[in-house]
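# Structural overview for review
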Amino acid sequence: VLSYYDDSPPPGLVRKNIPLLASTCTCVAINEKSYDLSTSIMEQFSGDKICSKLYAFELNVQGDVPRIFATGSKSTRQAWIKAICRGMIKDYRGDDAVNAAVLQSIR
C-alpha cells in the first residue's frame, strides 16, 4: 500500500491509500512533452525557490483515476518509481480470491 495525504478543500488533509498489486497497477515517468500538467499545479510548485522544474510520474490503478506525483529531480523521480514498483504485491498464483482478500485487508 502507498499512503499519502491529499490536501483538498474541506476537510483539508485526507489520508489516502493506494493498493499496489502488480496485476492492476503501473508506475511510469511522465515526459512533460507528452503530458500537459496543470498550469496551476506547475505554478504552485515550480514557482517556489525550492525547484525550478518538476519531474512527474503517474501511478495508475486499474479502475481508478491516475494519480500524478512530482519531484524536483529526475533521480528522485526514478527512486520513487523504483520504490513503488518494488513494493507492488505480486499475484498469488493468479488466485482472484486471494488477491481480493489482500485488497480488502489493505483498504
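A brief look at the structure comes next. (Residues numbered from 1 in each chain as written. Predicted model: local features only at pLDDT ≥ 70, side-chain atom pairs only at ≥ 80, totals over all residues. Heavy atoms only, no water.)

### What about the sheet that holds strand β4 (residues 55-61)?
- Strand order in the open sheet formed by three strands is β3-β4-β5, and the pairing between neighbours is antiparallel. The open sheet terminates on both sides in strands that have one partner only, identified here as β3 (25-29) and β5 (67-71). This sheet shows a mean twist of 20° between the axes of neighbouring strands, independent of strand direction.
- Two elements, β4 and β5, share five bridges in a ladder whose sense is antiparallel. Bridge pairing in β5 places Phe 57 opposite Phe 69.
- Sheet strands touched by helix α2 (residues 74-87): β3, β4 and β5. Its angle to β4, the strand with the most contacts, is close to 15°. (Pairing = 2+ DSSP bridges. Helix = DSSP H or I, 4+ residues; strand = E, 2+ residues; numbered from the N terminus. Axes fitted to C-alpha atoms, helices over the stretch in contact; angles between N-to-C directions. Contact = heavy atoms within 4.5 Å.)

### Digging into the packing of aromatic side chains
- Summed over all chains, the structure comprises two aromatic pairs.
- Relative to Phe 69, the ring of Tyr 4 lies with its centre 5.4 Å away and its plane at 90°, an arrangement referred to as edge-to-face. With Tyr 4 in strand β1 (residues 2-7) and Phe 69 in strand β5, the pair connects residues that are 65 residues apart, well separated along the chain. (Phe/Tyr/Trp six-rings, centres within 6.5 Å; stacked < 30°, edge-to-face > 60°.)

### Things to note about the pattern of salt bridges
- Enumeration over the complete set of coordinates arrives at two salt bridges.
- The residue Lys 16 makes a salt bridge to Asp 6 at a minimum N-O spacing of 2.9 Å. Of the two residues, Lys 16 sits in strand β2 (residues 13-18) while Asp 6 sits in strand β1, which places them 10 residues apart along the sequence.
- Judged by relative accessible area, Asp 6 falls into the partly exposed class, the value being 23%.
- Among the ionic pairs, Asp 64 bridges to Arg 67, the shortest N-O distance being 3.2 Å.
- Note on Asp 64: relative accessible area 37%, which makes it partly exposed.
- With a relative accessible area of 16%, Arg 67 lands in the buried category. (Salt bridge = Lys/Arg side-chain N within 4 Å of Asp/Glu carboxyl O. Buried < 20%, exposed > 50% of the residue type's maximum accessible area, 1.4 Å probe, protein only.)

### Overview of the pairing of β1
- Across six bridges, the pairing between β1 and β2 is antiparallel. Opposite Tyr 4, over in β2, you have Lys 16 as the bridge partner.
- Hairpin connection from β1 to β2: five residues lie between these consecutive antiparallel strands, with Gly 12 at a positive phi of about 95°.

### Thoughts on the nonpolar core
- Of all hydrophobic cores here, the largest spans 12 residues; its members are Leu 2, Tyr 4, Ile 18, Leu 20, Cys 25, Cys 27, Phe 57, Leu 59, Val 61, Ile 81, Ile 84 and Met 88.
- Of all the elements in the fold, those that place two or more residues in this core are β1, β3, β4 and α2.
- By residue number, the principal contributor to this core is β4, which donates three residues.
- Once residues lying within four places of it in the same chain are set aside, the contact partners of Tyr 4 are Val 14, Arg 15, Lys 16, Ile 18, Arg 67 and Phe 69. (Core = buried A, V, L, I, M, F, W, Y, C linked by side-chain atoms within 4.5 Å.)

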